[in-house]
Amino acid sequence: MAELEVSVYCYWNGCIKYGREGVYYEGPAPKKIIVNPKIALNRLLDEMYVLTGVDVDKQRSKVKIFGRYPSVVGQSKFQYLLLPVVNNSSLETMLEVPSKHPSVKIVELYLEVKSEGVTGPAACSSKRQKTVKVERDSSTGNIGDAAVDADMTDDLNKESNPGVPKPCLSSLWLDDHDLRVGLCFKDADELKKAVDWCSIKGMQKCVVRETGTDECMFECIKWRCKWSLGAAKMENHGLFEIIKYTGPHTCRPVEPEKSDSEFEADEIERLVRRHPTLSFSELQNWWKANIGHELETSEVQAAKEEAIKRAFGDWDQSFEDLPKLMSAFQSSNGLLVDWKYDLFPNPKFASFCGVFWAFPQSIQGFQHCRPLILVDTKELKGKHQLKLMIASGVDAADYYFPLAFAVTKEVSSDTWRWFLTNIKEKVTQRKGLCLISSPHPDILSVINEPGSQWKEPWGLSQVLSETVLVPVLSRFSRTGESLEASWRNGSEGGI
Ligand SMILES: [Zn+2]
């Protein structure tokens with residue numbers, strides 16, 4: 001049966017307030033979107049960004065979503081709770097509301113956005129102290145009523161990322177001050193993750209202890225610090241609610257002794273999915289700016305590797321997918337592909353040796369390029385230790401022009417012969433081409449062998465030593481990067 005679509009009111013540019021019926025939003029009129037109740041959070045975020053005009057990439061905006069969750073307190077009477085929408089599961093909880101409470105026809109989501117360097121909405125600029133009194137069902141223990149300084153008007157910060165199918169908690173939590181009495185979580189795990197995130201971000205440590213069935217207490221490990229948080233699953237709404245909160249920490253932040261690799265991979269993953277070619281130092285800078293402490297290069301490296309694996313699969317999977325990828329490009333884009341196999345006496349056991357490819361757009365465009373071809377190779381990192389062979393033209397404006405590539409198990413005179421012959425016969429259309437390469441013996445042997453098409457009258461070859469080759473390559477790049485560097489992105493993304 002088709003899922004009934006859900007109407008969602010998106011509120012932003014205002015602020016979250018508490019009234020007699022619980023939480024509500026004060027601000028401009030909402031905009032309505034209709035969504036499938038099973039929509040993933042990243043998809044919903046995409047829609048909300050379009051709706052609100054938030055450009056996450058450019059503005060590096062901080063976004064946070066809360067839901068207005070109804071809790072039945074009497075016949076057709078609700079008390080509305082603030083539920084952070086932190087992942088697909090809490091989003092589903094919100095989108096199930098109309099099916100669970102038919103009188104609530106529309107789901108209300110509050111989007112809080114803050115761009116860097118921009119203060120919060122004017123309507124929310126006055127700060128006030130709020131004391132929240134929370135009554136607990138006597139049957140669930142006596143963590144007790146709590147009074148807390150709850151600054152409901154603070155900017156709510158988070159880094160958003162619509163490209164992550166499994167959004168990380170930091171998408172919704174950045175600061176300790178976001179924790180407050182009355183805040184509800186779908187379950188204990190979601191709450192623990194939120195508290196963990198705040199602790200890591202604030203460089204504080206807390207311990208959690210179960211204080212009863214479905215209730216727990218978090219406390220700062222520093223005995224002088226009175227920071228604590230109590231939460232319990234409330235019978236009236238079935239959610240985990242913060243019922244006691246004493247904060248912020250009065251202890252001094254401490255540098256984490258050892259890193260939390262899973263947390264790091266979670267955080268790096270959200271970035272790597274959108275920008276897979278970020279270098280380790282760029283990731284380190286991002287980490288320092290967003291998380292607040294330094295990460296060792298080895299930690300960033302491990303986190304990036306794990307994040308790449310999660311986002312794009314591991315080496316074995318990539319290798320298995322290569323034929324499918326090539327075939328998809330072949331059928332959709334007319335990619336020129338040539339597979340090379342090591343042949344054994346029994347062809348059944350032929351094994352991969354290399355794959356050559358050139359896009360038809362490159363082949364077509366090359367006729368307008370200078371009669372030059374530069375070739376180079378690059379070691380590919382990773383499990384299989386493959387090599388990337390690169391052939392590039394130079395266009396009229398002296399920019400590199402991507403021509404052909406090959407990935408091979410090894411670079412030898414045999415693979416150079418295969419690579420250069422494919423270029424000559426399948427990619428280029430004219431005589432008199434000049435080949436520029438390093439003076440590697442394998443290349444020399446191929447271009448000098450009898451019948452070579454890289455000798456006059458078919459063509460010319462210019463072999464340049466490393467010291468000469470680098471300035472020549474730089475000559476053809478306005479950005480000054482080497483041929484190798486200019487293709488680094490292509491070579492590091494895995495095959
Ligand atoms: Zn503390």
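Residues numbered from 1 in each chain as written. Predicted model: local features only at pLDDT ≥ 70, side-chain atom pairs only at ≥ 80, totals over all residues. Heavy atoms only, no water.

Asks: A description of the overall build of the protein chain should follow, citing residues and the corresponding values.
Replies: Broken down by element type, the protein chain carries 15 helices and 19 strands. Looking at the protein chain residue by residue over its 495 residues, the buried ones come to 47%. Sequence-distant contacts in the protein chain: of pairs separated by 6 or more residues, those separated by 24 or more amount to 63%. Within the structure as shown, the protein chain displays about 24600 Å² of accessible surface, and the carbon and sulfur contribution to it stands at 51%. (Helix = DSSP H or I, 4+ residues; strand = E, 2+ residues; numbered from the N terminus. Buried < 20%, exposed > 50% of the residue type's maximum accessible area, 1.4 Å probe, protein only. Contact = heavy atoms within 4.5 Å. Areas by Shrake-Rupley, 256 points an atom, 1.4 Å probe, with all protein chains shown as cover.)

Asks: Explain the environment of C251 residue by residue, including any values.
Replies: Here C251 shows up in the loop between strand 12 (240-246) and helix 6 (261-274). The exposure class of C251 is buried, given its relative accessible area of 14%. Linking C251 and C225, residues 26 residues apart in sequence, is a C-alpha distance of 5.4 Å. Apart from residues lying up to four places away in sequence, C251 is in contact with Q204, C220, K222 and C225.

Asks: An account of the packing of helix 6 against helix 7 (residues 280-290) is requested, with residue identities and associated values reported.
Replies: Two numbers describe how helix 6 lies on helix 7: the axes approach to 11 Å, and their chain directions differ by 110°. Judged on the interaxial angle alone, helix 7 and helix 6 are roughly perpendicular. Viewed along their axes, helix 6 and helix 7 form a crossing whose handedness is right-handed. For the pair helix 6 and helix 7, the contacting residues are F263, E264, E267, I268, R270, L271 and V272 in the first and L283, W286 and W287 in the second. Each residue belonging to the contact of helix 6 with helix 7 can be placed in one class, and the counts come to 7 nonpolar, no polar and 3 charged. (Axes fitted to C-alpha atoms, helices over the stretch in contact; angles between N-to-C directions. Parallel < 35°, antiparallel > 145°, perpendicular 65-115°, else oblique. Left-handed = near helix turned anticlockwise from the far one by under 90°. Nonpolar A, V, L, I, M, F, W, Y, C, P; charged D, E, K, R; others polar.)

Asks: Kindly report on the coordination of the zinc ion, identifying the contributing residues and their values.
Replies: Within the protein, C220 (SG), C225 (SG), H249 (ND1) and C251 (SG) serve as the donor atoms for the zinc ion, at 2.1 to 2.3 Å. Angles of 105 to 118° at the metal separate the 4 donor atoms of the zinc ion, which places the site in the tetrahedral class. Look at where the donors of the zinc ion fall in the sequence and you get C-x4-C-x23-H-x1-C. In this pair, C225 sits in the loop between strand 10 (215-220) and strand 11 (228-233) while H249 sits in the loop between strand 12 and helix 6, placing the two residues 24 residues apart along the sequence. Taken as a pair, C225 and H249 share a single burial class, namely buried. (Donors = N, O, S within 2.8 Å, 3.2 Å for Na, K, Ca; no water. Tetrahedral: all angles 85-135°; square planar, octahedral: opposite > 155°, others 65-115°.)

Asks: Lay out the pattern of salt bridges in plain terms, naming residues and giving numbers.
Replies: Tallied over the full model, the rule gives 17 salt bridges. Residues K324 and D321 are paired through a salt bridge, measuring 3.8 Å at the closest nitrogen-oxygen approach. Taken as a pair, K324 and D321 lie in helix 9 (residues 315-333) at a separation of 3 residues, close to a single helical turn. You can call D321 partly exposed: its relative accessible area is 29%. Among the ionic pairs, D414 bridges to R417, the shortest N-O distance being 3.4 Å. Pair noted here: D414 and R417 are both in helix 11 (residues 413-427), with a separation of 3 residues, about one helical turn. Given the relative accessible area of 38%, D414 is considered partly exposed. With relative accessibility at 31%, the residue R417 sits in the partly exposed group. Look at the salt bridges and you will find they share partners, linking E269, R273, E306 and R310 into a network. (Salt bridge = Lys/Arg side-chain N within 4 Å of Asp/Glu carboxyl O.)

Asks: Would you mind going over the sheet that holds strand 9 (residues 206-212) in detail, with residue names and values included?
Replies: Whenever strands of a sheet pair, they do so through backbone hydrogen bonds, lying parallel or antiparallel. Taken in spatial order, the 5 strands make up an open sheet running 8-12-11-10-9, and their pairing is antiparallel. Each edge of the sheet is formed by a strand with only one pairing partner; in this case those strands are strand 8 (184-185) and strand 9. Relative to strand 10, strand 9 runs antiparallel, the two sharing 6 bridges. Pairing of R209 across the sheet is with M217, part of strand 10. (Pairing = 2+ DSSP bridges.)

Asks: Let's hear about the side chain of K387: which residues, and what values?
Replies: By the element assignment, K387 lies in strand 16 (residues 387-394). One polar contact links the side chain of K387 to the main-chain carbonyl oxygen of Q385, over a distance of 3.2 Å. Once residues within four sequence positions are removed from consideration, K387 is found in contact with K378, E379, L380, A406, V407, T408, K409, E410 and V411. (Polar contact = N/O pair within 3.5 Å; in protein donor to acceptor, adjacent residues only side chain to side chain.)

Asks: Explain the packing of helix 7 against helix 8 (residues 297-312) to me, using residue names and the numbers behind them.
Replies: Contact geometry of helix 7 with helix 8 gives a least axis separation of 10 Å together with a crossing angle of 100°. By the angle between their directions, the pair helix 7 and helix 8 is classed as roughly perpendicular. Counting all contacts with helix 7, which are made through F280, L283 and Q284, the residues of helix 8 involved are T297, V300, Q301 and K304. Partitioning the contact of helix 7 with helix 8 into residue classes produces 3 nonpolar, 3 polar and 1 charged.

Asks: Break down the nonpolar core for me, citing the residues and quoting the values.
Replies: Within the largest apolar cluster, 58 residues are counted, with the highest numbers of intra-cluster contacts made by V8, L44, L109, L191, W227 and L229. Ignoring sequence-local partners within four residues, the contact set of V8 consists of K31, K32, I33, V35, L95, I106, V107 and L109. In terms of nonpolar packing, the next biggest core, distinct from the first, is built from 25 residues, A358, W418, F419 and V446 among them. (Core = buried A, V, L, I, M, F, W, Y, C linked by side-chain atoms within 4.5 Å.)

Asks: Explain the confidence of the model for the protein chain to me, using residue names and the numbers behind them.
Replies: Summary statistics for the protein chain give a mean pLDDT of 76 and a share of 75% for residues scoring 70 or more. When mean pLDDT is compared element by element in the protein chain, strand 11 scores highest at 94, while helix 15 (residues 488-492) scores lowest at 38. A low-confidence stretch, residues 57-61 (pLDDT under 50), is modelled with 19 contacts involving residues beyond four sequence positions or located in other chains. Note that pLDDT drops below 50 for residues 477-495; the model gives that stretch 36 contacts with residues more than four away or on any other chain. (pLDDT = per-residue confidence, 0-100.)

Asks: Give me the lowdown on the packing of aromatic side chains, citing residues and values where you can.
Replies: Here the structure, examined in full by the defined rule, presents 14 aromatic pairs. On the basis of an interplanar angle of 50° and a centroid distance of 5.4 Å, the ring pair of Y11 and Y25 is categorised as tilted. Linking Y11 in strand 1 (residues 6-11) with Y25 in strand 3 (residues 22-26), this pair joins segments that are 14 residues apart in sequence. As far as burial versus exposure is concerned, Y11 and Y25 are alike and both buried. Between Y11 and Y110 the ring centres are 5.6 Å apart and the planes differ by 85°, which places this aromatic pair in the edge-to-face class. Here the residue Y11 occupies a position in strand 1, and Y110 occupies one in strand 7 (residues 106-114), the gap between them amounting to 99 residues. One aromatic cluster in this structure is built from Y9, Y11, Y25 and Y110. Stacked on the ring of Y80, the Lys or Arg R68 has its end atom at 3.6 Å from the ring centre. (Phe/Tyr/Trp six-rings, centres within 6.5 Å; stacked < 30°, edge-to-face > 60°. Lys NZ or Arg CZ within 6 Å of the ring centre and 35° of its normal.)

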